[in-house]
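# Remarks on the overall topology
Spelled out from the first residue to the last, the chains are:
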Amino acid sequence: MGKSATETGVLAAEMDSDSGKSVLERATTILACFDHDMPGCTLKDLCERTGLPKSTVHRFAERLVEMGWLERLGGEYMIGIGLFEIGNLADRYFRLRMLALPYLHHLSATTRCATQLAVLRGTNVEYLEIVPYRSFQPPSHEGGLMPAYCTALGKAILAFAPPADLERALDVQRVRRTPYTLVSNGMLRDELARIRATGVAIDREESFRGISCVAAGIGGDGRTLAAISACGRSVPFDAPQIANQVRRCAAAIRGRLTATRGNATRSCPRYATSAASAVDHAPPSVSC
Amino acid sequence: MDIDVDLTSDRTVLSRAAKILEAFSGSRRVLSLNALTERSNLPKSTTHRLAGRLVSLGWLERQPDGYRIGMSLFEAGRLAERRIRLRESVFPSLQDLAMKTQLATSVAVLSNDEIVVLDHLSASRFRLPIYNGARLPATCTALGKALLARGPADALDRVLDNPLPRRTDGSIVDPVVLANQLVTIQETGVAVANEEAFAGISCVAAPLCVDGGLVAAISISGPGQRIDSSATVTALLGAVRAICADYGTPRAMVADR
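Only a predicted model underlies this, so the values are computations on that prediction, with no experimental measurement involved.

### Here's the deal with the side chain of Thr115 of chain A
Residue and element names in this part refer to chain A. Here Thr115 is to be found in strand S3 (residues 114-121). A polar side-chain atom of Thr115 sits 2.8 Å from the main-chain carbonyl oxygen of Leu104. Among residues more than four places away in sequence, those in contact with Thr115 are Leu104, Leu107, Ser108, Glu129, Ile130, Val131, Ser229 and Ala230.

### Details of the nonpolar core
One finds Trp69 and Ile228 of chain A together with Ile218 of chain B to be the most contacted residues of the largest nonpolar core, which totals 142 residues. For this core, the element with the most residues is helix H9 (residues 239-259) of chain A, which contributes eight residues. Grouped together as the second largest cluster of nonpolar side chains are 33 residues, Val125, Ala148, Leu158 and Ala159 of chain A included.

### Examining H9 of chain A
All names here are of chain A. Given a rise of 1.5 Å per residue, 21 residues ought to cover 30 Å, and the 30 Å separating the end C-alpha atoms of H9 matches this to within 8%. Along H9, the positions that sit buried rather than exposed are Ala239, Ile242, Ala243, Gln245, Val246, Cys249, Ala250, Ala251, Ile253, Arg254, Gly255 and Leu257. Looking at the buried side of H9, the elements it contacts are helix H5 (94-111), strand S6 (201-204), strand S7 (211-219) and strand S8 (226-233).

### Description of the sheet that holds S3 of chain A
Residues and elements named next belong to chain A. With antiparallel pairing, six strands are arranged side by side in an open sheet as S5-S4-S3-S8-S7-S6. Every other strand in the sheet has two partners, leaving strand S5 (145-147) and S6 as the edge strands with one partner each. Geometrically, the sheet is characterised by an average inter-axis angle of 30° between neighbouring strands, direction not taken into account. Where H5 meets the sheet, it contacts S3, strand S4 (124-131), S7 and S8, and its direction lies at approximately 145° from that of S3.

### Points about the pairing of strand S9 (residues 213-223) of chain B
Consecutive side chains of a regular strand alternate in pointing toward one face of the sheet and then the other. All names here are of chain B. Strand direction decides the pairing type here: strand S4 (residues 104-111) and S9, joined by five bridges, are antiparallel. Looking at S9, one finds that Ala104 is bridged to Ser221. With 10 bridges joining them, strand S8 (residues 201-210) and S9 adopt antiparallel strand pairing. Paired with Cys203 across the bridge in S9 is Ser221. As consecutive antiparallel partners, S8 and S9 are separated by two residues, and within that stretch Asp211 has a phi angle of approximately 50°, a positive value.

### Quick word on the packing of helix H2 (residues 43-50) of chain A against helix H3 (residues 54-67) of chain A
Residues and elements named next belong to chain A. Between H2 and H3, whose axes approach to 9 Å, the crossing angle comes to 115°. Where H2 crosses over H3, the handedness of that crossing is right-handed. The segment H2 lies against H3, with Leu43, Leu46, Cys47 and Thr50 engaging Lys54, Val57, His58 and Ala61. The residue inventory of the contact of H2 with H3, partitioned by class, reads five nonpolar, two polar and one charged.

### Quick notes on the packing of aromatic side chains
Here the structure, examined in full by the defined rule, presents two aromatic pairs over all chains. Measuring from ring centre to ring centre gives 5.4 Å for Trp69 of chain A and Trp59 of chain B, while their planes differ by 65°; the resulting arrangement is edge-to-face. Here Trp59 of chain B lies in the loop between helix H3 (44-56) and strand S2 (60-63) and Trp69 of chain A lies in the loop between H3 and strand S1 (70-73), a pairing that spans two chains. When sorted by exposure, Trp69 of chain A lands in the same class as Trp59 of chain B, which is buried. With a centroid separation of 5.5 Å and an interplanar angle of 70°, the aromatic rings of Phe94 of chain A and Tyr131 of chain B are classed as edge-to-face. Highlighted residues: Phe94 of chain A in helix H5 and Tyr131 of chain B in the loop between strand S5 (114-122) and strand S6 (135-137), drawn from two different chains.

Parameters at a glance
- Residues numbered from 1 in each chain as written.
- Chains lettered and ligands numbered in written order.
- Predicted model: local features only at pLDDT ≥ 70, side-chain atom pairs only at ≥ 80, totals over all residues.
- Heavy atoms only, no water.
- Helix = DSSP H or I, 4+ residues; strand = E, 2+ residues; numbered from the N terminus.
- Polar contact = N/O pair within 3.5 Å; in protein donor to acceptor, adjacent residues only side chain to side chain.
- Contact = heavy atoms within 4.5 Å.
- Core = buried A, V, L, I, M, F, W, Y, C linked by side-chain atoms within 4.5 Å.
- Buried < 20%, exposed > 50% of the residue type's maximum accessible area, 1.4 Å probe, protein only.
- Expected span 1.5 Å × (residues − 1).
- Pairing = 2+ DSSP bridges.
- Axes fitted to C-alpha atoms, helices over the stretch in contact; angles between N-to-C directions.
- Left-handed = near helix turned anticlockwise from the far one by under 90°.
- Nonpolar A, V, L, I, M, F, W, Y, C, P; charged D, E, K, R; others polar.
- Phe/Tyr/Trp six-rings, centres within 6.5 Å; stacked < 30°, edge-to-face > 60°.

Structure, rendered in C-alpha cells:
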C-alpha cells in the first residue's frame with residue numbers, strides 16, 4: 001500500500017530536518033567564533049575555531065552574509081546588523097531594558113560616568129545595556145559576563161539576593177584580578193553587610209585597575225535580580241556623590257518597575273516603592 | 001562530517017530559520033506555535049520541528065505561551081561590529097546634541113532598504129516610541145531619507161519602484177514628491193520628516209559620509225509639527241562635522257572633550 005500524500009510530506013520534512021539539524025549546528029558553531037576579543041574573523045580564523053573544512057565555512061559564512069547576520073569587511077567577517085536587530089527582540093529582559101535605558105542616559109549625563117544595567121545569571125552578572133560617557137567606555141561589554149563577586153553590580157545584587165542565589169555566586173573559585181579584589185569569604189560577606197546598610201555597592205578597582213564603579217539594586221522583572229551602575233576612571237571619581245545619584249536613580253527605576261508590573265508579571269507586595277531606604281532597596285526575590 | 005551538503009539544503013534550512021526568527025517584532029516578542037506558523041509562512045509541522053531545534057541551540061526560548069528570541073541571539077547581536085564602531089565615533093556627539101537641544105537623538109543605518117536604529121537617547125523627558133534595533137520604513141523617516149539620498153542607487157530605485165508605506169497622514173506616498181525631496185537632501189545635506197513616522201513627532205537628519213562613503217545617518221527628533229529650526233539644523237551639521245573629523249580615529253587617541 002502506497003503512502004498517503006501527507007505521510008510522504010511528513011517524511012520529506014523529517015529528512016529535511018535531519019540535515020537541518022546539522023546545518024543549524026554548523027551555523028551556530030560559526031557564529032560562536034566571534035567574541036569581544038575577536039570581533040573580526042578571517043576565513044582561516046573561522047576554520048581554525050570551528051574545525052570545519054574551508055569549503056563548508058566559506059559557503060556558510062557567505063550565506064550568513066546574504067542574510068545580514070554576518071558582514072564582510074575587507075578579509076574579515078563580523079557579526080552583522082541583522083543579528084543585532086533580531087537579538088534586541090529577546091523578550092527575557094526586554095521590558096527591563098526599555099524601562100531602564102532612559103534612566104541610564106540621564107544618569108550618565110548627571111554623573112559624567114558610563115552607566116550600565118546588568119542582571120544576575122548564575123554566578124555572573126550579564127551586562128544588558130552600557131551607556132558610554134563621551135569617549136569613555138567601561139571595559140565591560142553588552143551581552144558579556146563578569147563574575148558577580150568582583151563587580152559593583154554583582155555585589156549590589158548579591159547583597160539582597162535570596163540565600164540560594166548568594167551561596168551559589170560565592171561558591172566559585174575567586175581570582176585576585178587586581179590587588180583590591182575581595183577574594184576572602186569574610187571580607188566579601190562584610191562587604192555585602194555594608195551594602196545592605198548603605199544601599200549601594202562600590203567597586204574600588206576590584207575588577208580592573210584604574211576603574212571604579214558604584215551600583216545599586218533595582219529589583220527587576222519577576223524573578224530577575226538586576227542592578228544599575230555608574231562607572232568611570234578612578235581619578236576623578238567622587239564616589240559619595242555618585243553613590244547618591246545612583247541610589248536616587250535606582251529608586252526611580254524601582255518605582256517605575258513596580259508601578260508598571262501590571263498583570264503580566266506577579267506583583268510583589270513586600271516591595272515598597274516610596275522611600276530609598278536600605279530596606280526598600282531589596283530586589284524582589286524568588287519568593288515574591 | 002558530510003562536506004558535500006547540497007547548497008540548496010543549506011539555503012533552505014537557513015532561510016526557514018530566518019523566516020522563523022523574522023516572525024518576531026517589537027510588539028510580538030512571544031509567539032504561539034500557530035502565530036509563528038502563520039507569520040513565518042511555513043507548514044506547521046516544519047515550524048514546530050525547526051522551532052524545537054532553535055530552542056535546543058539557544059536561538060529561541062520556549063515559554064508557556066509560545067516561543068521567544070533567546071538570550072544567545074541577544075548576546076551575539078551585541079557583538080555587531082559596525083554598531084560598536086559607530087558607537088565609538090557617534091555616541092559622544094549624540095550626547096552633546098541631546099543636551100544642547102533637549103531633544104532626542106538617534107543613529108541608524110540602511111538594512112534591506114529600511115532603517116535599523118542602532119542607538120537613540122534623550123536628555124529630556126521627551127521619548128521616541130522606538131527601541132534600539134527597531135526597523136522602520138526608510139521613506140517615513142528623516143534618517144531613512146538622508147540614507148537613501150546618499151546611499152546606493154539600486155536601493156533608491158527599489159524603494160521608488162514599490163508602493164511607499166503609509167504610517168501617518170504625513171507619510172510621503174507619492175514617489176515624485178519623495179524623489180524631489182531627495183534631490184534637496186543631496187544639495188543641503190539635511191533631511192526633514194514632519195510627523196511622517198509617528199503623529200506628533202518630527203525629525204531632522206543628516207547622512208554621515210566618510211571618505212565619500214555613507215556610513216550612517218544621525219537625527220534629532222522632538223514633539224511637534226516640525227523641529228527644523230535653523231538652530232537645530234546648525235547643531236546637527238556641527239555634530240556631523242565633528243563626527244566625520246574624528247571618524248575611525250582609535251578611541252585612545254581622542255582626548256576626552
